[in-house]
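# Analysis of the macromolecular model
Now for the letters of each chain:
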Amino acid sequence: MKYGKIEDITIYSKALDEEMQLLIHLPHNFSPLYKYSVLIASDGKDYFQFGRIGRVVDELIDAEEIENVIVVGVPYKSVKERRRMYHPGGDRREAYTRFLAHELVPYIDDNYPTYQIGAGRALIGDSLAATISLLTATKYPNIFGKVVLHSPYVDDLVLEKVEASQDPSRFSIYHVIGKEETQVNTQIDGVQDFLTPNRTLNELIERKGFPYFYDEFDGDHTWKHWQPDVRRAIQMVFGH
């Protein structure tokens with residue numbers, strides 16, 4: 001089994017007015033002669049470290065179960081900064097979504113052999129990183145054609161943005177939540193029920209008619225349960 005490599009680079013974001021680290025996983029078969037889909041992970045370092053996403057992608061490409069994919073991880077600098085950029089009420093949320101759509105995507109398309117269409121790009125995230133992935137897809141449905149949600153934080157603003165989506169056929173949603181996520185100890189906002197609002201989101205997405213996969217797993221709000229799900233998510237989103 002051959003494994004790919006991770007490039008650790010930094011780009012300057014005008015939207016955020018700071019340097020942003022990128023962890024870019026190029027699969028073992030990477031070649032400028034091929035075209036690649038792109039998976040962008042907020043909480044990027046966590047997806048590589050705890051989700052083992054690079055290894056999963058390499059194994060699935062090797063088994064010819066998925067198309068060619070480049071994974072772009074965007075790590076957060078601190079818990080406080082993560083909340084400012086990912087939380088629906090965060091003061092840097094809109095700047096971060098602009099960074100993803102208008103700076104990160106053009107950078108990847110300019111520097112790697114990508115399809116350069118919405119259907120060839122997906123966003124993935126866990127918890128607040130899932131929230132910002134969904135909010136970004138609702139704002140830029142032509143740029144991002146797929147979104148993977150591992151236990152998103154859902155509030156009224158999130159429901160409002162999904163409700164306001166004009167053309168649900170533009171992007172597909174993969175959505176999982178744990179049945180034990182009724183008392184999630186968030187680092188800043190105290191203990192919260194994630195399950196009930198996620199069930200409300202599920203009903204809304206189904207009513208709106210998005211291409212959609214939903215599942216409730218037996219477990220809580222941790223990587224212990226998200227990590228094994230990464231494989232299924234990538235198989236479903238990028239499978240042949």
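Scroll up to find the structure.
My aim in this report is to walk through the structure given alongside it, one point at a time. (Residues numbered from 1 in each chain as written. Predicted model: local features only at pLDDT ≥ 70, side-chain atom pairs only at ≥ 80, totals over all residues. Heavy atoms only, no water.)

## Quick look at the pattern of salt bridges
The cut-off we apply is this: Salt bridges are defined as contacts in which a side-chain nitrogen from Lys or Arg sits within 4 Å of a carboxyl oxygen from Asp or Glu. Numbered from the N terminus, helices here are DSSP runs of H or I no shorter than four residues, and strands are runs of E no shorter than two. Classification of residues uses two cut-offs on accessible area relative to the type maximum, computed with a 1.4 Å probe and protein chains only: under 20% is buried, over 50% is exposed, and between them is partly exposed.
Counting across every chain of the model gives 17 salt bridges. Among the ionic pairs, R83 bridges to D189, the shortest N-O distance being 2.9 Å. Of this pair, R83 sits in helix α3 (residues 79-86) while D189 sits in the loop between β8 (184-186) and β9 (190-192), and the two are 106 residues apart along the sequence. Exposure remark for D189: the relative accessible area of 31% places this residue in the partly exposed category. Overlapping salt bridges bring together E18, K77, E81, R84, D91 and R92 as one network.

## Brief notes about the sheet that holds strand β5 (residues 121-126)
We count it as follows: Strands qualify as paired when DSSP identifies two bridges or more between them. Each axis is a line fitted through C-alpha atoms, and for a helix only the stretch in contact is used; angles between axes span 0 to 180 degrees, taken between their N-to-C directions. Contacts are residue-level and defined by heavy atoms, with any inter-residue pair within 4.5 Å sufficient.
If you walk across this open sheet you meet the 8 strands as β1-β2-β4-β3-β5-β6-β7-β10, and the pairing is mixed. Of all strands in the sheet, those bounded by a partner on one side alone are β1 (5-13) and β10 (212-217). Strand-to-strand twist of the sheet, defined as the mean angle between neighbouring strand axes without regard to direction, takes the value 15°. Where helix α2 (residues 53-62) meets the sheet, it contacts β2 (18-26), β3 (37-42), β4 (69-74) and β5, and its direction lies at approximately 175° from that of β4.

## Here we look at the side chain of E81
How we decide: Each polar contact in these results corresponds to two N or O atoms within 3.5 Å; when the atoms are within protein, one needs to be able to donate a hydrogen and the other to accept it, and residues that are neighboring in sequence are counted only if both atoms are side-chain atoms.
Position of E81 relative to the elements: it lies in helix α3. Owing to a relative accessible area of 16%, E81 belongs among the buried residues under this scheme. At 2.8 Å, the side chain of E81 forms a polar contact with the side chain of R84. Leaving out residues up to four positions away in the same chain, E81 has contacts with E18 and R92.

## A look at unusual backbone geometry
Backbone geometry at E64 places phi at a positive 55°, although glycine is not the residue there. Its location among the elements puts E64 in the loop between α2 and β4. Assessed through its relative accessible area of 65%, E64 is described here as exposed. Backbone geometry places S127, a non-glycine residue, at a positive phi of 55°. Tracing the chain through its elements places S127 in the loop between β5 and α5 (128-139). By relative accessible area, S127 is classed as buried at 9%.

## Focus on the environment of N29
With respect to the helices and strands, the residue N29 is situated in the loop between β2 and β3. Considered as a pair, N29 and N68 are 39 residues apart in the sequence and their alpha carbons are 8.3 Å apart. In this view, N29 contacts Y34, Y36, I61 and N68; residues no more than four positions away in its chain are not counted.

## Some words on the pairing of strand β6 (residues 146-150)
What counts is decided by this rule: For crossovers, right-handed means that the path from the first strand over the helix to the second runs clockwise, given strands pointing away from the viewer.
Counting buried positions over the 5 residues of β6 gives 5, a clear majority of the element. As for the winding sense of the linkage, the β-α-β connection from β5 through α5 to β6 is right-handed. Bridge count between β6 and strand β7 (residues 172-178): 5 bridges; the pairing is parallel. Directly across from V147, in β7, lies its bridge partner I173. Regarding topology, helix α6 (residues 156-163) serves as the crossover connection from β6 to the parallel β7, and that connection is right-handed.

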